[in-house]
Amino acid sequence: RIISLNTQYCDNLNFWLYLNNTDPGNMLQWLVTELSWAERADVRVIILGHIPTGRSDCLKAFSWNYYKIIDRFEATVVGQYMGHTHQDHFALQFSEESDHHPTSFQFISPSVTTYSNLRPSIRVYTLDGNYKKSTYRPLKTETYLLDLNRANEKNETVWEMEYDSVSAYNLTWLTPETMYQLYHRFKDDRAFFYKTYFQYKFHLQPDRPCEDSCYNNNLCEMITGRSGDPSICQNLSLKEQEMYFEKNKMC
């Protein structure tokens, strides 16, 4: 089952939401109802949204409540696919139990929308299925960039492969556990982070620097599944995270 969730209901620029940012429109309650049914029926659920719920522009009350829902239904929700940032990244979510194991993660995909210093892009996901007892978890991602020169000079639409997750990261199974392992690879190998994740995030700009603040904030972003949580990245204050976010956000 695919559930399209209007995560615009946590947009901090929508001032009407400050009247009720806990569960506007009772949407999260509706989501719990749908996930409860899916759990009883042994059905896997994929969630589509716009604003990633770990971003600081997602209101804290909504973000934390959604986080708890994903924690509760970690065996049912097998994929979360978001956009909004125009950049290519991911954000892990963790259990609130004592072991704090990774429960889920959000793919945050680049956009077809042309943006300054970013080429239009599309993302193709290969999922496990369609067969009985399929997990429907992602197996592979492929990201394509539009050749702007040919589009402008020859009026041709040509999509070029930027990278795929198997070749870039040697991952053939994209689960919370394997994505958490990938995070630790980035944390342990800064050069690997820079030549893969950081380059893909900004569409191959080899002259774009990534100093200590950039590196630490990108690592922080990977494990920030809910907004306004000072306990996640203890080497960075929320103010430092917000300053970096405001400096680099696209939308």
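Refer to the structure above for everything that follows.
Structural notes, computed from the coordinates. Please read these numbers as outputs of a predicted model, since none were measured by experiment.

A closer look at the environment of R185
Among the secondary structure elements, R185 is positioned in helix α5 (residues 176–188). Accessibility expressed as a relative area gives 34% for R185, which makes it partly exposed. Sequence spacing of R185 and K140 is 45 residues, and the spatial spacing of their C-alpha atoms is 18 Å. Look past the residues within four positions of R185 in its chain and what remains in contact with it is Y169 and F192.

Thoughts on the sheet that holds strand β2 (residues 45–48)
Within the open sheet, the 5 strands sit side by side as β1-β2-β3-β5-β4. Their pairing is mixed. Of all the strands in the sheet, just β1 (2–4) and β4 (89–94) have a single pairing partner and so form its edges. Taken pair by pair, the neighbouring strands of this sheet meet at an average axis angle of 20°, ignoring direction. As paired strands, β2 and strand β3 (residues 77–82) are joined by 4 bridges and run parallel to one another. Counterpart to I47 in the pairing with β3 is Q80. With respect to the sheet, α5 is in contact with β4 and β5 (102–108), its orientation differing from that of β4 by roughly 115°.

Section: the state of the cysteines
For the structure on display, the rule yields 3 disulfides. Covalently, C210 is tied to C214 through a disulfide, its sulfur atoms 2.1 Å apart. Across the disulfide from C210 to C214, rotation about the S-S bond amounts to roughly -95°, and the bridge is consequently left-handed. Neither residue differs from the other here; C210 and C214 are each classed as buried. The partner cysteine of C220 in its disulfide is C233, sulfur to sulfur 2.1 Å. The chirality of the disulfide connecting C220 with C233 is right-handed, given an S-S dihedral of about 100°. In this pair, C220 sits in helix α7 (residues 212–222) while C233 sits in the loop between α7 and α8 (238–248), placing the two residues 13 residues apart along the sequence. Residue C220 is classed as buried on the basis of its relative accessible area, which comes to 5%.

Examining helix α1 (residues 27–40)
Helix length check: α1 (14 residues) gives 20 Å between terminal C-alpha atoms against 20 Å at 1.5 Å per residue, within 8%. Looking at the buried residues of α1, the elements they touch are β1, β2, α2 (60–72) and β3. Positive phi shows up at D42, right after α1, with a value of about 55°.

Some details on the nonpolar core
Judged by nonpolar contacts, the single largest core of 34 residues is most densely connected at Y169 and F186. Going through the elements one at a time, β3, β4, β5, α4 (165–169), α5, α6 (190–201) and α7 are the ones with two or more residues in this core. Ignoring sequence-local partners within four residues, the contact set of Y169 consists of Y163, L182, R185, F186, F192, T196, Y197 and Y200.

As for the pairing of β2
Direction of pairing for β1 relative to β2: parallel, over a ladder of 3 bridges. The residue bridging I3 from the neighbouring strand is I47, located in β2. For the handedness criterion, the β-α-β arrangement of β1, α1 and β2 is classed as right-handed. One crossover worth recording links β2 to the parallel β3 by way of α2, and it is right-handed.

Digging into α7
Among the 11 residues of α7, 8 are classified as buried, and the element is accordingly described as predominantly covered. Listing the buried residues of α7 in full gives C214, Y215, N217, N218, L219, C220, E221 and M222. Summarising the contacts, the buried residues of α7 are in contact with β4, α5, α6 and α8.

Concerning the packing of aromatic side chains
Counting across every chain of the model gives 21 aromatic pairs. Judged by centre distance (6.1 Å) and plane angle (80°), the rings of F186 and F193 are edge-to-face. Judged by its relative accessible area of 0%, F186 is buried. Considering the side-chain rings of F193 and Y215, the 5.1 Å spacing of their centres and the 65° angle between planes classify their relative orientation as edge-to-face. One end of the pair, F193, is in helix α6; the other, Y215, is in helix α7, and 22 residues separate them in sequence. Like Y215, F193 is buried. Each member of the aromatic cluster is reached from another via a ring pair, and the members are F90, Y163, Y169, F186, F192, F193, Y194, Y197, F198, Y200, F202 and Y215. Between the NZ or CZ atom of R226 and the centre of the ring of W64, over which it lies, the distance is 4.0 Å.

Conventions adopted
- Residues numbered from 1 in each chain as written.
- Predicted model: local features only at pLDDT ≥ 70, side-chain atom pairs only at ≥ 80, totals over all residues.
- Heavy atoms only, no water.
- Helix = DSSP H or I, 4+ residues; strand = E, 2+ residues; numbered from the N terminus.
- Buried < 20%, exposed > 50% of the residue type's maximum accessible area, 1.4 Å probe, protein only.
- Contact = heavy atoms within 4.5 Å.
- Pairing = 2+ DSSP bridges.
- Axes fitted to C-alpha atoms, helices over the stretch in contact; angles between N-to-C directions.
- Disulfide = S-S within 2.5 Å.
- Expected span 1.5 Å × (residues − 1).
- Core = buried A, V, L, I, M, F, W, Y, C linked by side-chain atoms within 4.5 Å.
- Right-handed = clockwise from strand over helix to strand, strands pointing away.
- Phe/Tyr/Trp six-rings, centres within 6.5 Å; stacked < 30°, edge-to-face > 60°.
- Lys NZ or Arg CZ within 6 Å of the ring centre and 35° of its normal.

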